[in-house]
Amino acid sequence: KELVGKALEVKILSFEEGKNFVVRRRVILEEEFKHKKEALYQVLREGGVVEGEVKSKVDGGFLVDLDGVLLAFLPFRELSWQRIKNPEEYLKPGDKVRAKVLFFDEAKAKARISIKALEPDPWESVPEKYKEGDRVKGKVVGIFNFGAFVEIEPGVEGLIPASEVSWRKKAKVSEIFEEGDLVEAVITTLDPEKRR
């Protein structure tokens, strides 16, 4: 019913003059799919940039439909340089995304993509911005028995060890900090290569 009244490109299979003729649309769709697949696979092979639509959330990431040709895997850790607590709130089925190809196995028709790979790595500029002894302000983004992680800029976090959160002996990190707290701290060690 949805095709009634629409102009379609078809291939004529048989024709009798003055009578009916038989056409086929599937051949055209198969040819279009083949061209789309060849173009997409070329981009995937080169590790280029693709655009797609989020189809569903799966264990560890999202499946992204690339032009109806292939479902690519977008891991949660490849969404952003920033820590994302709830990936389901960051992306939803139907959202359009633009991402860089990280991995492609043509034989298995599998691809892994990354949104954050299109953005500059925030750790690359850390050596110019910070040095040991600097006082920095940031937001507590994670609390554990061994310490608290503080985001000093999007994608750059530092650890305040449990032994450094208070002068009180045996003070629990969770008694001193809550997630979202703004804190000031001193950088005691800095290792951009290890992203610490």
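Residues numbered from 1 in each chain as written. Predicted model: local features only at pLDDT ≥ 70, side-chain atom pairs only at ≥ 80, totals over all residues. Heavy atoms only, no water.

Chemist: Mind showing me how you'd approach the overall build of the chain here?
Modeler: Regarding its fold elements, the chain presents four helices and 11 strands. Taken over the C-alpha trace, the chain has a radius of gyration of 26 Å; the compact-globule value for 196 residues is 16 Å, which it surpasses by more than 25%. Once the C-alpha set of the chain is aligned to its principal axes, its extents read approximately 100 × 35 × 25 Å. Counting only contacts in the chain whose residues sit at least 6 apart along the sequence, the fraction spanning at least 24 positions is 51%. Total accessible area on the chain stands at roughly 13900 Å², and carbon and sulfur atoms take up 50% of it. For the chain, the distance from the average site of its 36 positive side-chain charges to the average site of its 37 negative ones is 4 Å. (Helix = DSSP H or I, 4+ residues; strand = E, 2+ residues; numbered from the N terminus. Rg over C-alpha atoms; globule rule 2.2 N^0.38 Å. Contact = heavy atoms within 4.5 Å. Areas by Shrake-Rupley, 256 points an atom, 1.4 Å probe, with all protein chains shown as cover. Lys, Arg positive; Asp, Glu negative; His and termini not counted. Charge placed at Lys NZ, Arg CZ, Asp CG, Glu CD.)

Chemist: How do you make sense of the nonpolar core when you look at a structure like this?
Modeler: Proteins that are soluble and globular tend to have nonpolar side chains buried together. Within the largest apolar cluster, 21 residues are counted, with the highest numbers of intra-cluster contacts made by Leu 44, Leu 66, Leu 70, Leu 74, Leu 91 and Ile 113. Of all the elements in the fold, those that place two or more residues in this core are helix H1 (26-45), strand S3 (49-58), strand S4 (61-66), strand S5 (70-75), strand S6 (96-105) and strand S7 (110-114). In terms of residue count, S6 provides more of this core than any other element does, four residues in total. The contacts of Leu 74, once residues within four sequence positions are left out, are Gly 61, Phe 62, Val 64, Leu 79, Leu 91, Ile 113, Ser 114 and Ile 115. Grouped together as the second largest cluster of nonpolar side chains are eight residues, Val 150, Ile 160, Val 165 and Phe 177 included. (Core = buried A, V, L, I, M, F, W, Y, C linked by side-chain atoms within 4.5 Å. Buried < 20%, exposed > 50% of the residue type's maximum accessible area, 1.4 Å probe, protein only.)

Chemist: Please explain unusual backbone geometry as it appears in this structure.
Modeler: Trans peptide bonds make up the majority, and among non-glycine residues the majority have a negative phi. At Asp 67, a residue that is not glycine, the phi angle is positive and equals roughly 60°. Here Asp 67 shows up in the loop between S4 and S5. With relative accessibility at 46%, the residue Asp 67 sits in the partly exposed group.

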